[in-house]
There are 2 protein chains.
Amino acid sequence: MIGVAQGGVRIGLDVGGTKIAGIALGDDGSRLGSIRRRTGWGDAAVLEGAVAAATELIDQLGAPVQSIRSIGIGIPGLIDTATGLVLHAVNLGVASLPLAAGVQAALGVPCFVENDVKAAALGAASLRQDTEPMAYLNLGTGVAAGLIIGGRIWRGARGTAGEVGHLSVDPQGRVCGCGQRGCIETLCGGGALARAWGRGGELPVRDILDAADAGDETAVGLRDDLFRGTAAAVRALVLSADVETVVIGGGLTALAPRIEPGIRAWLRRDAAESPFLQSLRLDERIELLPADSPVAAIGAALLSSALAEIDPFEKEMPVHG
Amino acid sequence: MIGVAQGGVRIGLDVGGTKIAGIALGDDGSRLGSIRRRTGWGDAAVLEGAVAAATELIDQLGAPVQSIRSIGIGIPGLIDTATGLVLHAVNLGVASLPLAAGVQAALGVPCFVENDVKAAALGAASLRQDTEPMAYLNLGTGVAAGLIIGGRIWRGARGTAGEVGHLSVDPQGRVCGCGQRGCIETLCGGGALARAWGRGGELPVRDILDAADAGDETAVGLRDDLFRGTAAAVRALVLSADVETVVIGGGLTALAPRIEPGIRAWLRRDAAESPFLQSLRLDERIELLPADSPVAAIGAALLSSALAEIDPFEKEMPVHG
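Quick caveat, the model's predicted, so the values are computed rather than measured.

All names here are of chain A. By the burial criterion, the buried members of helix α7 (residues 204–213) are Pro204, Val205, Ile208, Leu209, Ala211 and Ala212. In an axial view of α7, the angular spread of the buried residues amounts to 165°, which keeps them on one side of the axis. The secondary structure elements touched by the buried residues of α7 are α6 (190–197), α8 (217–240) and α9 (256–271). Taken from the residues just after α7, glycine 215 is the one with a positive phi, measuring 100°.

See below:
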């Protein structure tokens, strides 16, 4: 059984609002298989979908279930990582789901659950060759970041580390879904941009970029918002936690080649009058992931190591003596 | 010599723009002595002042210099903590001063140097009874924070962790000394408030509060800026690094009883429309230090432990296998 505990295939599932992406990693990190399937709605369907996705991967490998070391799941919402309980995953119709327990009961394999952005941060970190502190900034319907410090997810005191999407950067800005005004998410979140655009469509941010290219003034303004909001998020992450690199991922990176130059240009523009900001070289410290990079699934597969120690840092005080 | 290495008196110096505050701590953290003296201007005078302050403390104790375990110094500017080199301490007329080497050569006692805000953060953490992640937010002429994670100073990748004073929160705001517009420091930094007030005086922020109490509209606006800027700094620290507590110190805390209720009220007001912000209970997560709390000197005295390990976290990646 030592082989099962220390090695073996690790499965990672990225459970999103519309699809589940699954990946199987070998001992050496090689990708042994991958699947995609639609996500169901509600507690039972989400649990069933996760079990089915893992089963499909195991079948694809042709491996006995006993050879599977762990199943990790990244999912939106508030997660109690100690118990694998998922709370308030509103896009999935989940109010309170003991997901780890359910998967473990169904398949007999240890299961770990983490917030999807934090899992993606871990996955993005694992793809890098350095161990510097980094942030993963997710530009999707909403905007949030995950921090990796010392190779581990930094959750903070109450799990809100990386929630820079809800920092207000403009008292005159648009009202955010969170109730504040001028949040970073109102500028560069796909949902907020679609609402501000207001013309429907399957891919409103792409439509905004197309219309901006064609000279539409509203679209140019919203494109600028996307760039300046992302720049503000990068600044917030560096000037607070001082990560070396901000890796940008999420749904909007489907448009990466069209938005990357603008984000860098905005970072340089904001720094133009500030020697202090210039010295930080923020435009050189961002990286955009390619579209559909499976970082959340990879990070989920790595959770079995990452969550082995829930509290990543020694709580030792250098006081008195 | 083991006794000297592991125990003994630790001296901490807080070298500020106008004065040096010194403290001597015993093995058990008890305060054995303290001094104050004026700070000199320029490399030679700053070094001489630090040596004189330490000597005065040692004389006060009546102890042989061999019983002094370490001298720690908190000082403004960019610090290379590995070598104890001080760069760009503009308020002290220091461009580049090898302060640790100079003090060590003069007194024969190991010397450690740290940025004053980071030293104060360590001192503030040592006075607390918990080991939760915390930030020390310094409201002085400028605005900056120090982060304590796992009982240690978190510097970040390039030493800019905690520089929330230079996050812009208003594109229409006042121009900051750093060149940006609408930085948090333009709202709640003593220097920026004094410039915006523009009426001179020894204690301009006190004058602003007095005038606001008397109904002066400009003063009411600046008092609101002080509150909302501080609230923005607290939010930035919690929504990025998610510290449990923000301890507020610095020169403006001389006015603590007059500003604490306003800061709390502003945090509640900003959260009024946002269930998300309300759930963070930020107004319950701040603490104002009493005026002249010697946290920077205490933290400086503790540097010999804190800097023993320059890199506080194990750089271990939970990847592949």
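Structure shown, so let's carry the discussion forward.
Now for the side chain of A:Asn115. Residues and elements named next belong to chain A. Mapping asparagine 115 onto the fold places it in strand β8 (residues 111–115). Asparagine 115 gets classed as buried once you look at its relative accessible area, which sits at 15%. A distance of 3.1 Å separates a polar side-chain atom of asparagine 115 from the backbone oxygen of glycine 77. A polar contact is formed between the side chain of asparagine 115 and the backbone nitrogen of valine 117, at a distance of 2.9 Å. Contact partners of asparagine 115, with chain neighbours within four places excluded, come to Ile75, Pro76, Gly77 and Ile79.

The next thing to look at is the relation of the copies chain B and chain A. For the pair chain B and chain A, the relating rotation is 180°, the translation along its axis is 0.0 Å, and the fit reaches an RMSD of 0.0 Å. Interpreted geometrically, this transformation is the action of a two-fold axis. Taking the C-alpha atom as reference, chain B places B:Val169 closest to the rotation axis, 2.0 Å from it. Looking at the interface residues of chain B, 100% of them are also at the interface in chain A, so both copies use one shared face.

Grouped together as the largest cluster of nonpolar side chains are 102 residues, with contacts concentrated most on A:Leu137, A:Val246, B:Leu137 and B:Val246. A:Leu137 has contacts with A:Val143, A:Ala144, A:Ala145, A:Val164, A:Thr230, A:Ala233, A:Val234, A:Val246, A:Val247, A:Ile248 and A:Gly249, leaving out every residue within four places of it along the chain.

Let us look at the pattern of salt bridges. Tallied over the full model, the rule gives 36 salt bridges over all chains. Where A:Asp270 meets A:Arg235, a salt bridge forms, and the shortest distance between an N and an O atom there is 2.8 Å. Taken together, the residues span a long stretch of sequence, with A:Asp270 in helix α9 and A:Arg235 in helix α8 at a distance of 35 residues. By relative accessible area, A:Asp270 is classed as partly exposed at 22%. Judged by relative accessible area, which is 8%, A:Arg235 ranks as buried. The shortest N-O distance in the salt bridge between B:Asp213 and B:Arg258 comes to 2.9 Å. On the criterion of sequence distance, the pair formed by B:Asp213 in helix α7 (residues 204–213) and B:Arg258 in helix α9 (residues 256–271) is long-range, its members being 45 residues apart. A cluster of three or more residues bridged by salt bridges with shared partners is formed by A:Asp210, A:Asp213, A:Arg223 and A:Arg258.

Conventions adopted
- Sequence positions are assigned chain by chain, starting from 1 and proceeding in written order.
- Working convention: letters from A go to chains and numbers from 1 go to ligands, in the order in which they are written.
- Residues qualify for local features only when their pLDDT is at least 70, as the model is predicted, and side-chain atom pairs are given and counted only at 80 or more; totals for whole chains, interfaces and linings, by contrast, use all residues.
- Excluding hydrogens and water, the side-chain values take into account all heavy atoms of the structure.
- Only protein chains enter the calculation, and the probe is 1.4 Å; a residue is then buried if its accessible area is under 20% of its type maximum, exposed if over 50%, and partly exposed in between.
- Note on conventions: DSSP H or I runs of at least 4 residues are helices, E runs of at least 2 residues are strands, and numbering of each starts at the N terminus.
- Directions drawn from the helix axis to the C-beta atoms are what define this arc.
- The contact rule is simple, with two residues in contact once any of their heavy atoms fall within 4.5 Å.
- Under this definition, polar contacts are N or O atom pairs within 3.5 Å; protein pairs additionally need one hydrogen-donor-capable and one acceptor-capable atom, and for neighbouring residues in sequence, both atoms have to be side-chain atoms.
- The fit set for superposing copies consists of C-alpha atoms from residues with pLDDT of at least 70 in both; the fit itself is least squares.
- Throughout, nonpolar core names a set of buried Ala, Val, Leu, Ile, Met, Phe, Trp, Tyr and Cys residues whose side chains join them through atoms within 4.5 Å.
- Throughout this description, the term salt bridge denotes a Lys or Arg side-chain nitrogen within 4 Å of a carboxyl oxygen of Asp or Glu.

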